[in-house]
Amino acid sequence: MAKILINRKVVQGPWGGGNNFVKSLYENLSFAGHEIVESLNDNDIDLIVMIDPRYDDLKISINEIFSYKQKNKNVKILHRINECDARKNTNEIDRLLLASNVVADETVFISEWLQSYFITKGFSNHSSVIYNGCNSSHFYPEKNHKNKTVQYPIKIVTHHWSDNWMKGFDVYKHLDKLCQEHPEKYKFTYIGRYAKEYSPIASTIIDPLYGKELGDELRKNDVYITASRWEPCGMHHIEGASSGLPVIYHEE
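Residues numbered from 1 in each chain as written. Predicted model: local features only at pLDDT ≥ 70, side-chain atom pairs only at ≥ 80, totals over all residues. Heavy atoms only, no water.

Chemist: Any chance you could explain the sheet that holds strand E10 (residues 223-226) here in plain terms?
Modeler: Strands belonging to one sheet form pairs held by backbone hydrogen bonds; the direction of such a pair is parallel or antiparallel. Reading across from one edge, E9-E8-E7-E10-E11 is the order of the five strands in this open sheet, with parallel pairing throughout. Of all strands in the sheet, those bounded by a partner on one side alone are strand E9 (204-206) and strand E11 (247-249). With direction set aside, neighbouring strand axes in the sheet form an average angle of 25°. With two bridges connecting them, strand E7 (residues 154-160) and E10 associate as parallel partners. Across the sheet, Ile 156 pairs through a bridge with Val 223, a residue of E10. (Pairing = 2+ DSSP bridges. Helix = DSSP H or I, 4+ residues; strand = E, 2+ residues; numbered from the N terminus. Axes fitted to C-alpha atoms, helices over the stretch in contact; angles between N-to-C directions.)

Laid out in structure tokens, this is it:
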């Protein structure tokens with residue numbers, strides 16, 4: 001069995017999709033008998049999973065990982081990339097990820113789109129694609145969802161952890177306006193954190209949820225919508241679809 005370090009701690013409660021991945025990784029690696037460590041004090045770590053090259057709770061960034069690799073040549077580095085500048089309209093993430101990737105023995109992207117995106121930016125290391133998934137004990141369709149008759153008002157839902165405007169709040173504002181003008185036709189529920197500029201009037205707002213509680217809330221609706229721009233492979237629409245809801249999205 002291997003000794004493995006993951007450079008992110010699990011956050012309990014509602015959080016982003018990356019946290020769900022780390023939580024699942026911790027659980028499954030431990031179940032398989034591997035030892036998970038949270039510091040670089042040991043000299044016999046077999047694998048470091050770099051979720052993000054930046055500092056976080058564990059205080060282990062690309063700097064510490066690179067230094068450890070220099071002293072312990074046998075350690076393998078797995079770099080998971082789930083981010084890019086296009087996603088949040090930033091201008092430093094791509095360069096950081098490409099620069100940090102030089103230490104990686106293997107790279108995993110969360111979608112073919114993201115893999116191709118970075119190849120056009122100059123990425124050339126060996127890589128593979130592993131898609132996101134969700135907990136099927138929390139997100140699943142109602143037993144009769146295929147025979148469900150939709151009645152008005154149509155209940156539309158979305159959920160996000162991030163309040164970044166690129167999550168599609170301009171579309172959600174428009175949907176809120178439709179709910180104001182046609183309350184007999186549309187009902188929209190937004191679950192999670194949201195941008196201050198969103199300021200809905202006719203929409204239902206629910207605080208961030210996760211796990212079974214989130215799945216139960218999603219199944220109360222008829223349609224899932226995601227207006228997020230340049231999402232490499234988000235968790236929210238996967239959870240919506242896994243809950244048996246048809247998904248509306250825009251291709252961009």
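Chemist: I tried to follow the nonpolar core on my own but got confused; where do I start?
Modeler: Soluble, globular proteins show a tendency: their nonpolar side chains are buried together. One finds Leu 5, Leu 40, Ile 45 and Ile 48 to be the most contacted residues of the largest nonpolar core, which totals 14 residues. At the level of secondary structure, the elements contributing two or more residues to this core comprise strand E3 (47-50) and helix H2 (62-71). Among the elements that make up this core, the one with the highest residue count is H2 (three residues). Beyond its immediate chain neighbours, meaning those up to four positions away, Ile 45 contacts Lys 3, Leu 5, Val 37, Ser 39, Leu 40, Tyr 68 and Val 75. (Core = buried A, V, L, I, M, F, W, Y, C linked by side-chain atoms within 4.5 Å. Buried < 20%, exposed > 50% of the residue type's maximum accessible area, 1.4 Å probe, protein only. Contact = heavy atoms within 4.5 Å.)

Chemist: When you look at the side chain of Ser 243 in this model, what are you seeing that I'm missing?
Modeler: Looking at the element boundaries, Ser 243 is found in the loop between helix H8 (236-242) and E11. The exposure class assigned to Ser 243 is buried, which follows from its relative accessible area of 3%. A polar atom in the side chain of Ser 243 sits 2.8 Å from the backbone oxygen of Glu 239. The residues touching Ser 243, leaving out its near neighbours within four places in the chain, are Phe 139, Tyr 140, Pro 141, Glu 142, Gly 215, Leu 218 and Arg 219. (Polar contact = N/O pair within 3.5 Å; in protein donor to acceptor, adjacent residues only side chain to side chain.)

Chemist: How should the sheet that holds E3 be read in this particular structure?
Modeler: Spatially, E2-E1-E3-E4-E5-E6 is the arrangement adopted by the six strands of the open sheet, whose pairing is parallel. Each of the sheet's edge strands pairs with one partner strand only, and the pair in question is strand E2 (35-37) and strand E6 (127-129). The average angle at which neighbouring strand axes cross in this sheet is 25°, direction not considered. Of the strand pairs in this sheet, strand E1 (residues 3-6) and E2 are connected by three bridges, and their pairing is parallel. By the bridge assignment for E2, Lys 3 is matched with Glu 35.

Chemist: Which parts of the structure should I look at to understand the pattern of salt bridges?
Modeler: Any two side chains of opposite charge can pair, on the condition that their charged atoms come close. Evaluated as defined, the whole model comprises 15 salt bridges. A salt bridge links Asp 56 to Arg 8; its shortest N-O distance comes to 3.0 Å. In this pair, Asp 56 sits in the loop between E3 and H2 while Arg 8 sits in the loop between E1 and helix H1 (17-31), placing the two residues 48 residues apart along the sequence. We classify Asp 56 as partly exposed; its relative accessible area is 34%. Taking the relative accessible area as the measure of exposure, Arg 8 reaches 9% and is therefore buried. Two residues, Lys 121 and Asp 94, come together in a salt bridge whose shortest N-O distance is 3.9 Å. Taken together, the residues span a long stretch of sequence, with Lys 121 in the loop between helix H5 (112-120) and E6 and Asp 94 in helix H4 (residues 93-100) at a distance of 27 residues. Residue classification places Asp 94 among the buried positions, given a relative accessible area of 7%. The network of salt bridges with common partners includes Arg 8, Asp 52, Arg 54 and Asp 56. (Salt bridge = Lys/Arg side-chain N within 4 Å of Asp/Glu carboxyl O.)

Chemist: Would you take a moment to explain H4 for this structure?
Modeler: Within an α-helix, residues lying three or four positions from one another point in the same direction, as the helix has 3.6 residues per turn. Those residues of H4 not exposed but buried are Ile 93, Asp 94, Leu 97 and Ser 100. Angularly, the buried residues of H4 cover 140° about the axis, an arc narrow enough to put them on a single face. Of the exposed residues in H4, those oriented more than 90 degrees away from the buried face are Arg 95 and Ala 99. In this structure, the buried residues of H4 make contact with E3, H2, strand E4 (76-81), helix H3 (85-88) and H5. (Arc of directions from axis to C-beta.)

Chemist: Is there a simple way to think about the pairing of E3 in this case?
Modeler: The two faces of the sheet receive side chains in turn, since in a regular strand these alternate between them. Looking at chain direction, E1 and E3 are connected through three bridges and run parallel. Across the sheet, the residue bridging to Ile 4 is Leu 47, located in E3. Looking at chain direction, E3 and E4 are connected through four bridges and run parallel. Looking across to E4, one finds that Met 50 is bridged to His 79.

By themselves, these figures tell us nothing about what the structure is for.
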